[in-house]
Structures are given as structure tokens and as C-alpha cells.
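# Coordinates in review
Spelled out from the first residue to the last, the chains are:
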Amino acid sequence: LNEEFMQKALAECGLQNSKLADQEAFAIQLGENIMRRIVIEILAELPPIEHPVFESLVGSGKALEMNALIAKYIPNSAEFIHRHAIDEYEATKTEIHKLEQGVA
């Protein structure tokens, strides 16, 4: 997650004045949630026979191989990934606002 995005996220979630450690924890958790969501969404699109291959590529540093596998089954994969990253961020933001209002 780039610095500009994180500053926007912190502001939108009301955390811009929080302690640096809290901001860093938020950034780490948000990044993990986004990655988890993207992996789940990609797995939903891949045929089950490709799941072990994809899972072995995640975190392996073999970005070209992983991108080739994804592109084989997901047209416009960059847009697909971006859309699901934004969806997860929006879901996180909604949950934070619910917590602030005592709704969750």
C-alpha cells in the first residue's frame, strides 16, 4: 500500500491523529485483509486443479509465473485485483464506522 493511499485511508477512517504504532498496525492489518481478499477472489476464478499451483506461487517471489497463471483465467486481471482491493478497503471502512457508532 503506497503512502498516498495510506494517508487517505487513515483520514477516511478517522485515524490520522492516532499514535504512529496504531497507524502502522492499521496499515499492516488492512494490507493483510486486502491480500487475503484478492487471493480468495482469484481462487474462486481458477479451476480447482490450478489451486495448488497458485498457492505454491503466492509468496514465492515468482511474480511472472503467478501473473501468467492469473491472466490465463482472469481477463483484465489488474483491474480485477484493483476492484477487489477497493472492495475490501470499503468493507473495512464500513466496519470501522459501524464500530464508531456502536452498531457492530
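The structure we're discussing is the one just above.
Residues take numbers from 1 onward in each chain, read along the sequence in its written order. For a predicted model such as this one, the threshold for reporting local features is a pLDDT of at least 70, and the threshold for listing and counting side-chain atom pairs is 80 or more; totals across whole chains, interfaces and linings nevertheless cover every residue. As a convention, hydrogens and water are excluded, and side-chain values are obtained from all of the structure's heavy atoms.

### Some words on the overall build of the protein
Looking only at helices and strands, the protein has five helices and zero strands in total. Overall, the protein shows an N-to-C arrangement of helices and strands of α-α-α-α-α. In terms of overall dimensions, the protein has a C-alpha envelope of 45 × 25 × 20 Å along the principal axes. Three exposure classes are used, based on accessible area relative to the maximum for each residue type with a 1.4 Å probe and protein chains only: buried under 20%, partly exposed in between, and exposed over 50%. In the protein, buried positions account for 28% of the 104 residues. Contacts: residue pairs with any heavy atoms within 4.5 Å of one another. Within the protein, contacts between residues separated by at least 24 positions form 54% of all contacts whose residues are at least 6 apart in sequence. Working convention for charge: Lys and Arg count positive, Asp and Glu count negative, and His plus the chain ends are omitted. Positions of charges follow a simple convention, taking NZ of Lys, CZ of Arg, CG of Asp or CD of Glu. Here the protein carries 9 positive and 17 negative side-chain charges, and the mean point of each set is 2 Å from the other. Where helices and strands are cited, they refer to DSSP runs of H or I of at least four residues and of E of at least two residues respectively, numbered from the N terminus.

### A few points about the layout of surface pockets
A cavity, in this analysis, means grid points on a 1 Å lattice covering only the protein atoms where a 1.4 Å probe fits yet has no way out; a pocket is instead an open set bounded by protein on both sides within 12 Å along at least five of seven lines, and a residue lines either one if it has an atom within 4 Å of a point. Grid points are joined across faces, edges and corners, and a volume is the space filled by probe spheres set on the points. Here the largest pocket defines a volume of roughly 280 Å³. Lining the largest pocket are 16 residues, with Ile34, Met35, Ile38, Ile81 and Ala85 positioned closest to its centre. Among the secondary structure elements, those contributing two or more residues to the lining of the largest pocket are α2 (20-45), α4 (63-73) and α5 (77-101). Counting residues per element, the lining of the largest pocket draws most heavily on α2, which supplies six residues. Its residues assigned to classes, the lining of the largest pocket comprises 13 nonpolar, three polar and no charged. Gly counts as polar in this scheme, as do all residues outside two lists: the nonpolar Ala, Val, Leu, Ile, Met, Phe, Trp, Tyr, Cys and Pro, and the charged Asp, Glu, Lys and Arg.

### Considering the nonpolar core
Among buried residues, those of type Ala, Val, Leu, Ile, Met, Phe, Trp, Tyr and Cys that are joined through side-chain atoms within 4.5 Å constitute a nonpolar core. Phe26, Leu30, Ile42 and Phe54 are the most contacted members of the largest nonpolar core, which totals 20 residues. Counting only elements with at least two residues in this core, the list comes to α1 (3-12), α2, α3 (51-57), α4 and α5. Here this core gets six residues from one element, more than from any other, and that element is α2. Contacts of phenylalanine 54, omitting those with residues within four sequence positions, involve Val39, Ile42, Leu43, Leu46, Met66, Leu69 and Ile70.

### Here we look at the environment of isoleucine 96
With respect to the helices and strands, isoleucine 96 occurs in helix α5. Judged by relative accessible area, which is 17%, isoleucine 96 ranks as buried. In the structure, isoleucine 96 is positioned 83 residues away from cysteine 13 in sequence and 6.7 Å away in space, judged by C-alpha atoms.

### Quick notes on the packing of aromatic side chains
Ring pairs shown here join Phe, Tyr and Trp side chains whose ring centres sit within 6.5 Å, with only the six-membered ring taken for Trp; geometry is labelled stacked below 30 degrees between planes, edge-to-face above 60, and tilted in between. In the structure shown here, the tally under the stated rule is one aromatic pair. Between phenylalanine 5 and tyrosine 89 the ring centres are 5.2 Å apart and the planes differ by 70°, which places this aromatic pair in the edge-to-face class. Of this pair, phenylalanine 5 sits in helix α1 while tyrosine 89 sits in helix α5, and the two are 84 residues apart along the sequence.

### Some points on the pattern of salt bridges
Within this document, salt bridges are pairs made up of a side-chain nitrogen of Lys or Arg and a carboxyl oxygen of Asp or Glu, the two lying within 4 Å of each other. As enumerated under the stated definition, the model contains nine salt bridges in all. The shortest N-O distance in the salt bridge between arginine 37 and glutamate 41 comes to 3.6 Å. Of this pair, arginine 37 and glutamate 41 both sit in helix α2, four residues apart, which is roughly one turn of that helix. Judged by its relative accessible area of 22%, glutamate 41 is partly exposed.

On their own, these measurements won't tell you what the molecule is for.
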